[in-house]
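# Survey of secondary and tertiary structure
So you can see what is in the structure, the chains are spelled out below.
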Amino acid sequence: MQLAELTTTTQAAGPSAMVVGTAQARIWGMTPAERLERIYQRLGLAASGAAGAAPDPEHGVVAADAGWVFDESLIKALAERPEVVLTDAAGTPVAVHGRGAAMAQALEKLAAGASLAEAVPEAYPRLGPLELGSAYNSALRKREPPVLERLTPENRAAVEKRLFQGSYKGVTDVVTKYLWPPPARVVTRWCALAKMTPNQVTFIGFLLVLAAFYLFWTGHFGWGLVCAWIMTFLDTVDGKLARVTLTSSKIGNVFDHGIDLIHPPFWWWAWLVGVQAGPHPVSAPGLILAVIVGGYVFQRVLEGIFLALFKVEMHAWRPFDSFFRLITARRNPNLILLTLAALAGRPDIGLVAVAVWTALSLLVHLVQVLQGAATPKGQVVSWLSR
């Protein structure tokens, strides 16, 4: 049994981190050991440049079997709970957080060639994935068991698919949820194997944002829609690439979400300019633009108010709220309306449809906030967490 001692934490009193064993396959362009190292680093369990440092049982040691693929949430939960063994569904130990004399003996056994299952302290309680972790992911607004899979050459594709599905938000728009997943998984794997970073994908998307704006402004709606739809697709890919390769960063998150938040009103403004220069200008263009842009901004404000008041996202509160997120007047549903209108040769009608749908969606969100305010304190919780 190969033993790779990774690091002690950057905090003197924290646990050190180890990778035990090897795997015979790679996943999303990296070995499970490399994936574990990234998880340790993201959780602050690995100090850069400290490879080979001896683990310190006195402050605790997290050790995980590199033959398995772990959900990051499981390692995080394990690091926060000392003297516990994580097991698979069959009860086989796959990771441990130990300390003191018992863990020191376990480290001696590992160094002598014992497997992790043979070395873990017998007195430690055994917990399965759902006992240690949780099936509810508030960040992704979904309920799904955490990933814990043994990796073999035969099941590599299936495990990659499971990780990709786990990286998807459970509550999102209809295009992102139902249309993009199959092609996005293929392109995400290409990007991972090519060592592309999520920020590089986001930057390509940003260039397409600018291209779509220019094409809409000049009345080239068809080509503008091509750029816009490719951008929305890459907006799915960059987030999934960051999650499956564990390469997300604060800067990348701000860059990606900043673009997502800011660009839609500019697209609708450019579409209006292009329409007004064409054969079917709309009447009251100022009112239409005010409804679309003002409605978009006020929708996002209402979502922020709801989150601030109730500590849960509006779209994750009740089944209806999650359903309405599929079709609410955000970028992708609006693009559907504009695409259908452009194909019919009446981009002006598409713009009016977006304005009407934005106003109706805003009304729904206002009612959601009022309903939340009328609900007894503490009872506004996500239906996905129950």
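Coordinates for the structure precede this section.
Values in this document were obtained by computation on a predicted structure and should not be read as measured data. (Residues numbered from 1 in each chain as written. Predicted model: local features only at pLDDT ≥ 70, side-chain atom pairs only at ≥ 80, totals over all residues. Heavy atoms only, no water.)

## Considering the overall build of the protein
Just so we agree on the cut-off: By the criteria applied, helices consist of DSSP H or I runs no shorter than four residues and strands consist of E runs no shorter than two, each listed in order from the N terminus. Throughout, a residue-residue contact means that at least one pair of heavy atoms, one from each residue, lies within 4.5 Å. Accessibility throughout is a Shrake-Rupley quantity obtained with a 1.4 Å probe, and a residue counts as covered only by protein chains that appear here. Under this rule, positive means Lys or Arg and negative means Asp or Glu; His and the chain ends count for nothing. Charge positions come from single atoms, namely NZ of Lys, CZ of Arg, CG of Asp or CD of Glu.
For the protein, the helix and strand inventory stands at 15 helices and 10 strands. Summarising its shape, the C-alpha atoms of the protein cover approximately 80 × 50 × 35 Å along the three principal directions. Residue pairs in contact within the protein that sit at least 24 positions apart in sequence constitute 73% of those at least 6 positions apart. Entry remark: accessible area of the protein is about 17700 Å², with carbon and sulfur atoms responsible for 64%. Treating the 33 positive side-chain charges of the protein as one cloud and the 28 negative ones as another, the clouds have centres 8 Å apart.

## Here's the deal with the layout of surface pockets
So the rule is basically this: Lining residues are defined by having an atom within 4 Å of a point belonging to a cavity or pocket. Those points lie on a 1 Å grid over the protein atoms alone, cavities being sets where a 1.4 Å probe fits but cannot get out and pockets being open sets with protein on both sides within 12 Å along at least five of seven lines. Grid points are joined across faces, edges and corners, and a volume is the space filled by probe spheres set on the points. As a working rule, the residues Ala, Val, Leu, Ile, Met, Phe, Trp, Tyr, Cys and Pro are called nonpolar, Asp, Glu, Lys and Arg charged, and the rest polar, with Gly in that last group.
Computed from the structure, the second largest pocket encloses a volume of approximately 160 Å³. Looking at the second largest pocket, the residues that line it are Lys161, Phe164, Gln165, Tyr168, Lys169, Lys177, Pro181, Pro182 and Arg185. Elements supplying a minimum of two residues to the lining of the second largest pocket: helix H6 (156–166) and helix H8 (181–193). Among the residues forming the lining of the second largest pocket, the class breakdown is 4 nonpolar, 1 polar and 4 charged.

## Concerning the packing of helix H11 (residues 250–276) against helix H15 (residues 347–374)
Under the convention used in this document: A fitted line through C-alpha atoms represents every axis, and for helices the fit uses only the stretch in contact; the resulting angles, taken between N-to-C directions, go from 0 to 180 degrees. Here a crossing is taken to be left-handed if its near helix is turned anticlockwise relative to the far helix by less than a right angle, and right-handed if that turn runs clockwise.
Close contact between H11 and H15 brings their axes to 10 Å; oriented N to C, the two are set at 145°. As for how H11 packs across H15, the hand of that crossing is left-handed. Contacts from Trp268, Trp271, Leu272 and Val275 in H11 reach Pro347, Asp348 and Leu351 in H15. Looking at the contact of H11 with H15, its residues break down into 6 nonpolar, no polar and 1 charged.

## Notes on the pattern of salt bridges
Note the threshold: Criterion for a salt bridge: a side-chain nitrogen of Lys or Arg within 4 Å of a carboxyl oxygen of Asp or Glu. Using a 1.4 Å probe on the protein chains alone, a residue whose accessible area is under 20% of its type maximum counts as buried, one over 50% counts as exposed, and one in between counts as partly exposed.
Scanning the entire structure with this criterion turns up 13 salt bridges. In this structure, the salt-bridge partner of Asp348 is Arg346, at a minimum N-O distance of 2.8 Å. Using a relative accessible area of 7% as the deciding quantity, one classes Asp348 as buried. Within the structure, one salt-bridge network assembled from shared partners comprises Arg156, Glu160 and Arg189.

## Re the packing of aromatic side chains
Formally: Working definition: rings of Phe, Tyr and Trp (its six-membered ring) pair if their centres are within 6.5 Å, and the pair is stacked with planes under 30 degrees apart, edge-to-face with planes over 60 apart, and tilted otherwise. Lysine and arginine charges are scored as sitting over a ring when NZ or CZ, respectively, is within 6 Å of the ring centre and within 35 degrees of the ring normal.
This structure, assessed with the given rule, holds 18 aromatic pairs. With 4.9 Å between their ring centres and 65° between their planes, Phe216 and Trp271 make a pair best called edge-to-face. With Phe216 in helix H9 (residues 198–217) and Trp271 in helix H11, the pair connects residues that are 55 residues apart, well separated along the chain. By the burial criterion, Phe216 is buried, and Trp271 matches it. An aromatic cluster of three or more residues is present, and its members are Phe216, Phe221, Trp267, Trp268 and Trp271. For the cation-ring pair, Lys177 lies above Tyr178, with the distance from its terminal atom to the ring centre recorded as 5.9 Å. Geometry around Tyr168 places Lys240 over its ring, the cationic atom sitting 4.5 Å from the centre.

## Some words on empty space enclosed by the protein
Counted under the stated rule, the structure contains 2 cavities of 30 Å³ or more. In this structure, the largest cavity occupies an estimated 50 Å³ of space. Elements with a minimum of two residues in the lining of the largest cavity: H9, helix H10 (221–244) and H11. Residues belonging to the lining of the largest cavity are distributed by class as follows: 5 nonpolar, 2 polar and 4 charged.

## A few points about unusual backbone geometry
In this structure, Glu83 takes a positive phi of about 60° despite not being glycine. What makes Glu83 partly exposed here is its relative accessible area of 33%. Unlike most non-glycine residues, Lys311 shows phi in positive territory, near 60°. Inspection of the secondary structure assignment puts Lys311 in the loop between helix H12 (285–310) and helix H13 (319–327).

## Structural notes on the environment of Val175
Inspection of the secondary structure assignment puts Val175 in helix H7 (residues 174–179). The class for Val175 is buried, based on a relative accessible area of 5%. Sequence spacing of Val175 and Lys195 is 20 residues, and the spatial spacing of their C-alpha atoms is 27 Å. If we ignore the near neighbours within four places in the chain, the residues touching Val175 are Trp180, Trp229, Asn332 and Ile336.

## What to know about the nonpolar core
Our working rule: Buried Ala, Val, Leu, Ile, Met, Phe, Trp, Tyr and Cys residues form a nonpolar core when they are joined through side-chain atoms within 4.5 Å.
Core analysis: the biggest nonpolar cluster contains 49 residues, and Trp28, Phe216, Trp267 and Trp271 have the highest contact counts within it. Contributions of two or more residues to this core are made by H6, H8, H9, H10, H11, H12, helix H14 (331–343) and H15. It is H10 that contributes the most residues to this core, 11 residues altogether. Filtering out sequence-adjacent residues up to four positions away, Phe216 remains in contact with Phe221, Gly224, Leu225, Ala228, Trp267, Ala270, Trp271 and Gly274. By size, the runner-up hydrophobic cluster in this structure holds 25 residues, among which are Ile39, Ala66, Ile75 and Leu127.

## Considerations on H10
Quick reminder of the rule: One less than the residue count of a helix, multiplied by 1.5 Å, gives the span that helix is expected to have.
Taking 1.5 Å as the rise per residue, H10 with 24 residues should run 34 Å; its terminal C-alpha atoms sit 34 Å apart, in good agreement. Within H10, 19 of the 24 residues are buried, which leaves the element mostly enclosed by the surrounding structure.

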